[in-house]
Amino acid sequence: MVRKGLVKKMLAAGLSAVLLLSVAACGGGAANDAYAPNFSGSMKGESMDMVVSESTAWDGMYEYEYKDSYIEMDKIAETPTVGGTGEIVAAPQRKTIKTAKLTMQTLNFEAFAAALEQKVAETGAYFQYADVSGSDYYGGRRYASYTIRVPEARLNEFMAGLDGIATITNKTLGEQDVTLSYVDTESRIQALEIEMESLMKLLEQAVNLESIIKLQDRLTDVRYELENYKAQLRTYDDKINYSTVTLSVSEVKKVTEPAPVTVWERIRSGFGRTMDDIVEGAEDFLVWIVVNIPYLVFWAAVIVVAVIIVKRKNAKRRQRKLEKQREKDAAKVGSEE
């Protein structure tokens, strides 16, 4: 009897465990249903209010999953790795935008322009913007501004080649790390694509007009956001893959020397600049005289003619005054007699 009672107790405990597992499974299924809509069954006979509520529940799951994935990728982007030597190594796949701004001087603009075009072609770069200005009025000096896009892998090669074709008077290098923004944009694109797929399935099964309109409005918003993020990602890729180099070039007669250090060097440099300015000013004045000879001859002739006309008018005016004075004198003499 004792053994039979023990067997009954064991059977009762087993049945209780089975019932508890069944209840837990039903509860887990209900919890999952609260977060993910069921697309396999037919929607006939079900109200669209249920569909909309399922969509809202799915949005909650989407926000939760997106947040978790963003945190994970954020950690990957921020966490450095440790190399075999124990040194901290930067995480791979960093996304950086590199820029460079240079001010340059050249003695021969034609030679510089040809060398720059050759260097651009050799490194696979291209001109995004080019503006050449100047006048041949005073010695033919020209100025130019260039914006060049250079493949990031060959930026150092391109920059090294610039030293040989002109004198660099100023150089500014920049590097912007956009890894976190890039990863964030990728995560948003992935989440929006998942949401759009789910909305499309809900729209296929929808039967209520009001719910269909709501789903279509949401789809429009998702598509718009998706295109904006994809455009932002393309902009990032373009700036990351091709660095931007800005050049400001001026044609000069004498390249600027390094800044003097000692007093004697400053005096010598200042005296040399003064003499150069005097010579340059005399040359410019001579060029101006020669170039403007036709104008000078024309205006000289105009001035001479004007002076002659004025003198003749003044002479006639004096002659008339003199004649009037003589007539007055003659009349006065006649009255006295």
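Residues numbered from 1 in each chain as written. Predicted model: local features only at pLDDT ≥ 70, side-chain atom pairs only at ≥ 80, totals over all residues. Heavy atoms only, no water.

Asks: Looking at this model, I keep getting lost on the overall build of the protein. Mind explaining?
Replies: Helix and strand counts for the protein stand at 8 helices and 7 strands. Relative to its 337 residues, the protein shows a buried fraction of 22%. Counting contacts in the protein only where the partners sit at least 6 residues apart, residues at least 24 apart contribute 75% of the total. Of the roughly 23,900 Å² of accessible surface on the protein, 59% is carried by carbon and sulfur atoms. (Helix = DSSP H or I, 4+ residues; strand = E, 2+ residues; numbered from the N terminus. Buried < 20%, exposed > 50% of the residue type's maximum accessible area, 1.4 Å probe, protein only. Contact = heavy atoms within 4.5 Å. Areas by Shrake-Rupley, 256 points an atom, 1.4 Å probe, with all protein chains shown as cover.)

Asks: How do you make sense of the pattern of salt bridges when you look at a structure like this?
Replies: When their charged atoms lie close together, side chains carrying opposite charge are able to pair. Using the criterion set out here, one finds 12 salt bridges in the structure. For Asp177, the salt bridge goes to Arg94, with nearest N and O atoms at 2.9 Å. Within this pair, whereas Asp177 is found in strand 6 (residues 167-177), its partner Arg94 is found in the loop between strand 2 (88-89) and strand 3 (96-106), the two being separated by 83 residues in sequence. The class for Arg94 is partly exposed, based on a relative accessible area of 34%. (Salt bridge = Lys/Arg side-chain N within 4 Å of Asp/Glu carboxyl O.)

Asks: Honestly, the environment of Glu227 in this entry has me stumped. Any pointers?
Replies: If you trace the backbone, Glu227 turns up in helix 6 (residues 209-241). Sequence separation between Glu227 and Ile189 is 38 residues; the distance between their C-alpha atoms is 8.8 Å.

Asks: Would you take a moment to explain helix 6 for this structure?
Replies: An α-helix turns once per 3.6 residues; consequently, residues spaced three or four apart project the same way. The end-to-end C-alpha distance of helix 6 is 47 Å, a good match for the 48 Å that 33 residues give at a rise of 1.5 Å each. Of the residues making up helix 6, those classed as buried are Ser211, Leu215, Leu219, Val222, Leu226, Leu233, Tyr236 and Ile240. The residue sitting at the N-terminus of helix 6 and contributing the capping side-chain oxygen is Asn208; that oxygen lies 3.0 Å from the backbone nitrogen of Glu210. (Expected span 1.5 Å × (residues − 1). Polar contact = N/O pair within 3.5 Å; in protein donor to acceptor, adjacent residues only side chain to side chain.)

Asks: Teacher, can you tell me more about a positive patch on the surface here?
Replies: On the surface, a cluster of positive charge is contributed by Arg312, Lys313, Lys316, Arg317, Arg318, Arg320, Lys321, Lys324 and Lys328. Residue position: Arg320 is located in helix 8 (residues 293-336). With a relative accessible area of 47%, Arg320 lands in the partly exposed category. (Patch = residues over 30% accessible without salt bridge, like charges linked within 9 Å, V, L, I, M, F, W, Y side chains within 5 Å. Lys, Arg positive; Asp, Glu negative; His and termini not counted. Charge placed at Lys NZ, Arg CZ, Asp CG, Glu CD.)

Asks: Would you take a moment to explain the side chain of Gln105 for this structure?
Replies: Within the secondary structure layout, Gln105 lies in strand 3. Relative accessible area serves as the criterion here: at 12%, Gln105 is assigned to the buried category. Apart from the residues lying within four places of it in its own chain, the contact partners of Gln105 are Ala166, Thr167, Thr169, Ser250, Val252, Lys254, Val255 and Thr256.

Asks: Can you help me understand the packing of helix 3 (residues 109-122) against helix 4 (residues 155-162) in this one?
Replies: Working note: a packed helix pair is described by the angle between its axes plus the distance between those axes. As a packed pair, helix 3 and helix 4 sit with axes 10 Å apart at the nearest point and diverge in direction by 165°. Taken as axis vectors, helix 3 and helix 4 run roughly antiparallel relative to one another. Considering how the two elements wind past one another, helix 3 and helix 4 form a crossing that is right-handed. Here Leu116, Lys119 and Val120 of helix 3 lie close against helix 4, whose contacting residues are Phe158, Gly161 and Leu162. Among the residues making up the contact of helix 3 with helix 4, the classes are represented as 4 nonpolar, 1 polar and 1 charged. (Axes fitted to C-alpha atoms, helices over the stretch in contact; angles between N-to-C directions. Parallel < 35°, antiparallel > 145°, perpendicular 65-115°, else oblique. Left-handed = near helix turned anticlockwise from the far one by under 90°. Nonpolar A, V, L, I, M, F, W, Y, C, P; charged D, E, K, R; others polar.)

Asks: Explanation requested: the nonpolar core in the structure shown.
Replies: Soluble globular proteins tend to pack their nonpolar side chains together in the buried interior. Core analysis: the biggest nonpolar cluster contains 22 residues, and Leu116, Tyr146, Ile148, Leu162, Val245 and Leu247 have the highest contact counts within it. Among the secondary structure elements, those contributing two or more residues to this core are strand 3, helix 3, strand 5 (141-151), helix 4 and strand 7 (242-251). A per-element tally of this core places helix 3 first, with 5 residues. If sequence neighbours within four positions are ignored, Val245 has contacts with Ala100, Leu102, Tyr146, Thr147, Ile148, Val150, Leu155, Phe158 and Met159. If you look at the next biggest cluster of nonpolar residues, it comprises 15 residues, including Ile97, Ile189, Val222 and Ile240. (Core = buried A, V, L, I, M, F, W, Y, C linked by side-chain atoms within 4.5 Å.)

Asks: Explanation requested: the packing of aromatic side chains in the structure shown.
Replies: Describing an aromatic ring pair means giving the distance of the ring centres and the angle of the ring planes. The final tally for this structure, using the stated rule, is 5 aromatic pairs. Taking the centre distance of 6.3 Å and the plane angle of 45° together, the rings of Phe109 and Phe112 count as tilted. Placement of the pair is Phe109 and Phe112 together in helix 3, with a separation of 3 residues, close to one helical turn. Sitting over the ring of Tyr182, Lys95 keeps its end group 4.7 Å from the ring centre. (Phe/Tyr/Trp six-rings, centres within 6.5 Å; stacked < 30°, edge-to-face > 60°. Lys NZ or Arg CZ within 6 Å of the ring centre and 35° of its normal.)

Asks: How should I be thinking about a nonpolar patch on the surface in this particular structure?
Replies: A contiguous nonpolar surface patch, about 670 Å² in accessible area, is contributed by Phe285, Leu286, Trp288, Val290, Ile293, Leu296 and Val297. Mapped onto the nonpolar patch, the elements with two or more residues apiece are helix 7 (263-291) and helix 8. It is helix 7 that provides the largest number of residues to the nonpolar patch, a total of 4 residues. By the element assignment, Phe285 lies in helix 7.

Asks: Looking at this model, I keep getting lost on the packing of helix 5 (residues 179-205) against helix 6. Mind explaining?
Replies: Running from amino to carboxyl end, helix 5 crosses helix 6 at an angle of 155°, the nearest separation of the two axes being 9 Å. Relative to helix 6, the element helix 5 lies roughly antiparallel. Between helix 5 and helix 6 lies a crossing of left-handed hand. When the residues that make up the contact of helix 5 with helix 6 are grouped by side-chain class, the tally is 17 nonpolar, 4 polar and 9 charged.

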